[in-house]
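Now for the letters of each chain:
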Amino acid sequence: MNSWFGNALTRAEAIDDWLHEKRAASLALLRDTDWPTRQTEAWKYTSLKKLEQLDFSDGSPAPVIDVSPISGLNSINLVFIDGVLQSIPADLPEGLTIMPLAQVPDEHQPWVLDQFAGVKPQQHLFGLINDTLATNGLVIDVAPQVDLKHPIHITQTMTAGNEAHCRTLVRVGAGARVTVIEHLAGNQESFNTSFTEYSLATKAELEHYRLALQSDAALTIGGSHFNLDTQATLNSTIVGYGSDLARIDVDISHQGEGTLAKLDAIYLLDKQTHFDLHSNIEHTAPNGTSDERVRGIVADKARAVFNGRIHIHRYAQKTSAELNNRNLLLSRDAEVDVKPELEIYADDVSCAHGATIAEIDQLALYYLRSRGIGLEQAHLMLNFGFINELIDQIPNAVLADWLRQQLSGRFTRMNEIKHSGQEATQ
Amino acid sequence: MTDQIEKAITREYEAGFTSSIESNTFEPGLNEEVIARLSAIKGEPQWMLDWRLKAFASWKKMPEPHWAHIDYSKIDFQAISYYSSPKSMDDKPKSLDEIDPELLATYEKLGIPLMEQQMLAGVAVDAVFDSVSVVTTFREKLKEAGVIFCSISEAIKEYPELVQKYLGSVVPRTDNYYAALNSAVFTDGSFVYVPKGVRCPMELSTYFRINEQNTGQFERTLVIADEGSHVSYLEGCSAPQRDENQLHAAVVELVALDDAQIKYSTVQNWYPGDEQGRGGIYNFVTKRAMCHKNAKVSWTQVETGSAITWKYPSCILRGDNSVGEFYSVALTRGRQQADTGTKMIHLGKNTRSTIISKGISAAQSNNSYRGLVKMMPTAEGARNYTQCDSLLIGDQCGAHTFPYIESRNPSAIVEHEATTSKVSDDQLFLCQQRGINSEKAVSMIVNGFCKEVFKQLPMEFAVEAGKLLEISLEGSVG
C-alpha cells in the first residue's frame, strides 16, 4: 500500500457525520481493495504514479483563481474552491432545492442516504475513496414537473498544494427538466476527486455537461453516474483536456423501460497530458436506446485512454445501443489506447460499436490545399471540423459558443507547441 | 434430430474406450521427475530436458489466468496423467460395427470417407489399408520437394539444430501459464520445415500423419517456412473427435521468414460436454506466428467444439510489408464457452492485418471475441481492419466483444467495427415464404453470415465446415 492511500484511509476513519454508516460500508470495501497496478484491468493504461508521488510540502502561496461565470449563460452558479462551497444563491426558482452535503435537513435525509453511493457502482476505487472522504458537496433536488430555465453551473477549482473530495447528488423528479453543468477548472498542482450521482425519475429530462477542463499539474479523478427510470432522457456532453492524471468514469444505468441516453465526449490532449475516459452503459430494462459518440484529438506526448462498455442484460430486449469512437493521432510520441466492449445477453437487440485511430486524411488535406488554403489553416480546419460536429449538436447555444472559443484556444496552444518543437529540432 | 445426435455424441463419450488399463501410463501428478521420465521415454537429448525443466520452473511461479470471460471449476494439475503411450491395436474397436451408429450417421452427413471415419472413430486401421500407400506416396512427394514433415519428437532427434533455433522463438516457454505448462510436458505434435523458395506441393494435414492420431493433450506444433517458401497446413478435423481428455493445452508456433507464406487452417470440433455443461474439453491453446519481411501468415479457424475455448492465434508483424490475417467462425451451443480472438502486433513498416471474426451463440452458451491490435511507433504506414459480428440464436445466450486497440503511430490506420444481431424475422419470413423451412433457412442465413471466413478455407474443408454448422444448429430454432 502506498503512503497516499494509507493516509487517505486514516483520514477517512476520523470522519464522523450523519453519513457515517454509508462511509463505514465503503471504508470496509476499500480495505479489501488493492491499490491498482498495471495488471488491474480498469487501470491498465493509466498509471497512478503521479498521485503516489504527490508531495505538497513545499507549498508556495496560492495565487487567486478567477472563476467568473460564463457570460450570457444566465445560470445558477455554485463555486467550490479547494472543495469549499463559496455560497448558495438566495433566490432560487421554485421547485429547486440546493443544500450543502454537510447540512441536509431531516426531511431530505432519507432519499440522500438512499442515493449516496447508490447510483455509482461499487467497484470504482476512487468512488469508494470519495464516499469516505467527501464531506463537501451539494445536494440538489428538482421537484416533479418543474421545468428549470436556468442551467445549474457547478464550478470546482483547486489552488496549488491542495487536495479536495466533493460529492454531488442530484434528484430530478418525475417529468422535470433541468440542465446541470459540472465544470472543473484550474491547472495548479493539486488533486481532487469529484463524483456526482444523478437519479432521474419517470419522464425526467436531464441535459448534462461535464467540462473536465483541469489541465497540467491538476490531478483529477471523478465520475458522473446516472440512473434512468422509465422514459427518462439523458443528454450528456463531456469535454476533457487531460492533465498529468485525469480520469473520468461515466455510468449510465437504464433501469426503466423506454429510456434514452445520448453521450457525446470530446477530448483534446497536448503536452504530456493523460486523459482516461471509462464509460459503462447498462441496459437492464427493455426498449432502451443509447447512443455514444467519442471523438479525440491527441497530439504531442499525450496519451488518451477510452474504455466504452455496453452491457445488455437478459431482459433488456429491443435495446438499441451504438458506440462510435474516433481518434486523431497527431504525433509520433502520442498514444491512443481504446477498448470498446460489448457484453450482450439478450437476442432481440441491435448493437454496434466502432473505433478508429488514424491521422488526418491526406486527401482531405490535399483538397483544402488545392483550393489555396495554407497547410496550417487546413490542419486547423480539419481538426476543428472533427470535433465541431459534436459541438454543433449541443442543445445550449451559449454554452456551445463558449466551448468553441475554449477549444480554439486549445488548438492555438497545440499549434504553438508544435512550432516550438519544430524549432527545437531544426 | 439434434437431440439424437447430441445423445449419440454424449453416449459415445460416456462409454468411452478407456476401460482398459495401459501399462505405460504415468501416475497422475506433475513434478521434475515426471518430466525427466517423459523426456527419457522419448529419448530426448539433454538440452530438451533442460528446456522443459526451465519451463516447469517458471510455470510453478505463474498464477493461473482468470481474465477470460469463461467460468469453470479449478483444474487440478496434479490429477492429470502427463504421459500415456499410444494405444495398442488390441485396445481399439475392431471395426466400424462396434461404433455407435448415430456417430457414424453424423460422419455420413459430413460426407467423410470411410477410411477417415475409421480413423476418427479410433478403429485400428490395418496396415494393408489404402491409407498407408497414401501416406507413403505423400511422404515421397514431399521428400522430393525437400519439405520436412514429421512429428516433433522425431524432429528433436533428427533436426536438432532447426528445433533448437526455432522452438520457443515465437511462443517463449514463459509466455503464459498454459504455454509454460505445454513447454514442460508436451508429448508430441507436428514439425514442418519448408526450404527456401519451395512451394509445398500439397496441403499438409495432420490427417495424413498416422502417428498424429494419438497425440496427447499437450501438442506442440512448429512450422517453419524459409525464405520465399509457401505452405498450407490443415489442422484438426470437422467430425466429432472422441477425445476424452479434459485439458488440452497446445502450442503452435509459425515462423514465416522473408517473403514466405503460411496458411494455417483449423476446424476444431472436440467434445463440447453435455447439455448441462458436464465434461467436455477445455481447450487452452497458444498460437502465434512471427512474420518477417514481406511474409504473410493467414489463420483461419472454425471452432464448434470444446466446452471451453481459450484461443488467440496471433501474428507478430515484425518485418516490413508483412501481412497477418485472421478469419474465424466460432459457434457455441449447449453450455459451451468460447473466448477467442487474435492479436496483431505491428512492428514493421507498411504491415497490414485483417481480422474477420464471426461469433454465433445458441442455447445457453457464451461467445466472446477478444483481440488486440497494437501499432508500435515503428509501424509506419501500417493498416488494420477489424470486423467482428455476432449472431444470437435464442435469448439465453451471450455474445461479447472485447477489442483492445493501442496505437502509437500517427501514420498507422486502425479501424474496428462490431455488430450484434439476431437472425431477423424478416429474413426468416422471406425464406419460409419461398418454401424453405425455418431450420434450413437459419442454416442458410448462418452460412451466409460466415461466408467471408469459409471462402478462406481450402475447398473440402469449407464444404465440411458448412455442413458442420448445419448439424450443430439443428434444433436451435423454433
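Residues numbered from 1 in each chain as written. Chains lettered and ligands numbered in written order. Predicted model: local features only at pLDDT ≥ 70, side-chain atom pairs only at ≥ 80, totals over all residues. Heavy atoms only, no water.

## Thoughts on the overall build of chain A
Along the backbone of chain A there are eight helices and 19 strands. The C-alpha atoms of chain A give 21 Å as radius of gyration, which agrees with the globular expectation for 426 residues (22 Å, within 12%). In the structure as shown, chain A presents an accessible area of about 16800 Å², 48% of it carried by carbon and sulfur atoms. Side-chain charges in chain A split into 34 positive and 55 negative, and the spacing between the mean points of these groups amounts to 5 Å. (Helix = DSSP H or I, 4+ residues; strand = E, 2+ residues; numbered from the N terminus. Rg over C-alpha atoms; globule rule 2.2 N^0.38 Å. Areas by Shrake-Rupley, 256 points an atom, 1.4 Å probe, with all protein chains shown as cover. Lys, Arg positive; Asp, Glu negative; His and termini not counted. Charge placed at Lys NZ, Arg CZ, Asp CG, Glu CD.)

## Structural notes on the overall build of chain B
If you tally the helices and strands in chain B, you get 12 helices and 20 strands. Counting only residues that meet the buried cut, chain B has 61% of its 478 residues in that class. Residue pairs in contact within chain B that sit at least 24 positions apart in sequence constitute 85% of those at least 6 positions apart. When the accessible area of chain B is evaluated, it comes to approximately 18700 Å², of which 51% is carbon and sulfur surface. (Buried < 20%, exposed > 50% of the residue type's maximum accessible area, 1.4 Å probe, protein only. Contact = heavy atoms within 4.5 Å.)

## Some remarks on the pattern of salt bridges
Residues and elements named next belong to chain A. Tallied over the entire structure, the rule returns 45 salt bridges over all chains. A salt bridge links Asp-131 to Arg-167; the nearest nitrogen and oxygen atoms lie 2.4 Å apart. Within this pair, whereas Asp-131 is found in helix α5 (residues 125-133), its partner Arg-167 is found in strand β6 (residues 162-172), the two being separated by 36 residues in sequence. One exposure class covers both Asp-131 and Arg-167, and it is buried. Close ionic contact of Asp-264 with Arg-293 constitutes a salt bridge, the shortest N to O distance being 3.0 Å. Placement of Asp-264 in strand β13 (residues 260-269) and of Arg-293 in strand β15 (residues 289-298) is noted, with a sequence separation of 29 residues between them. No difference in accessibility class separates Asp-264 from Arg-293, as the two residues are buried. Here the salt bridges share partners, and the residues they tie into one network are Asp-216, Asp-270, Lys-271, Arg-410 and Arg-413. (Salt bridge = Lys/Arg side-chain N within 4 Å of Asp/Glu carboxyl O.)

## Considering helix α2 (residues 32-41) of chain B
Residue and element names in this part refer to chain B. Taken residue by residue, α2 has Val-34, Ile-35, Leu-38 and Ser-39 as its buried positions. In an axial view of α2, the angular spread of the buried residues amounts to 135°, which keeps them on one side of the axis. Turned more than 90 degrees away from the buried face of α2 sit Glu-33 and Ala-40, all of them exposed. Trailing α2 by a residue or two, Gly-43 shows a phi angle of about 65°, which is positive. (Arc of directions from axis to C-beta.)

## Some points on the domain arrangement of chain A
All names here are of chain A. For chain A, the assigned domains are domain 1 (3-359) and domain 2 (364-426). With centres defined by C-alpha atoms, the gap from domain 1 to domain 2 works out at 27 Å. Of the residues lining the interface, 36 residues belong to domain 1; the matching set on domain 2 comes to 21 residues. In this assembly, domain 1 packs against domain 2 so that about 2600 Å² is buried in total across both faces, 69% of it on carbon and sulfur atoms. Counting across the interface, domain 1 meets domain 2 through four salt bridges. Residue Arg-295 pairs with Glu-389 through a salt bridge whose shortest N-O separation is 3.2 Å. Where domain 1 touches domain 2, the interface holds six residue pairs in polar contact (both at pLDDT 80 or more). (Domains from an automatic or database assignment. Buried area = accessible area lost by both parts, 1.4 Å probe. Polar contact = N/O pair within 3.5 Å; in protein donor to acceptor, adjacent residues only side chain to side chain.)

## Observations regarding the environment of Thr-266 of chain B
All names here are of chain B. By the element assignment, Thr-266 lies in strand β8 (residues 261-268). Distance in space between the C-alpha atoms of Thr-266 and Glu-154 is 23 Å, their sequence separation being 112 residues. Discounting chain neighbours no more than four positions away, the residues touching Thr-266 are Glu-235, Lys-287, Thr-300, Gln-301, Val-302, Glu-303 and Lys-311.

## Observations concerning the interface of chain B and chain A
Residue-level contacts link 34 residues of chain B with 35 residues of chain A. Both faces combined, the contact of chain B with chain A buries some 2800 Å², and carbon together with sulfur accounts for 48% of it. Area buried by chain B at its contact with chain A is led by Tyr-404, Ile-405 and Pro-410 of chain B, which between them contribute 21% of it. Counting across the chain B and chain A interface gives three salt bridges. Glu-335 of chain A is the salt-bridge partner of Arg-408 of chain B, the closest N and O atoms lying 3.4 Å from each other. Here chain B and chain A share 20 residue pairs in polar contact (both at pLDDT 80 or more) between them.

## So, the pairing of strand β17 (residues 366-375) of chain B
Residue and element names in this part refer to chain B. Within β17, nine of the 10 residues are buried, leaving the element largely enclosed by the surrounding structure. Looking at chain direction, strand β14 (residues 337-340) and β17 are connected through four bridges and run parallel. Within β17, the position partnered with Thr-340 by the bridge is Tyr-369. Both strand β15 (residues 343-346) and β17 contribute to a ladder of four bridges, which runs parallel. Across the sheet, His-346 pairs through a bridge with Met-375, a residue of β17. Pairing of β17 with strand β19 (residues 398-407), which is carried by 10 bridges, proceeds in the parallel orientation. Paired with Leu-372 across the strands is Tyr-404, a residue of β19. (Pairing = 2+ DSSP bridges.)

## Topic: the packing of aromatic side chains
The relative placement of two aromatic rings is captured by the distance of their centres and the angle of their planes. Residue and element names in this part refer to chain B. Counted by the stated rule, this structure contains 26 aromatic pairs over all chains. An angle of 80° between the planes, with centres 5.3 Å apart, marks the rings of Trp-59 and Phe-77 as edge-to-face. Within this pair, whereas Trp-59 is found in helix α3 (residues 46-61), its partner Phe-77 is found in the loop between α3 and α4 (101-110), the two being separated by 18 residues in sequence. The exposure classification of Trp-59 matches that of Phe-77, with both residues buried. (Phe/Tyr/Trp six-rings, centres within 6.5 Å; stacked < 30°, edge-to-face > 60°.)

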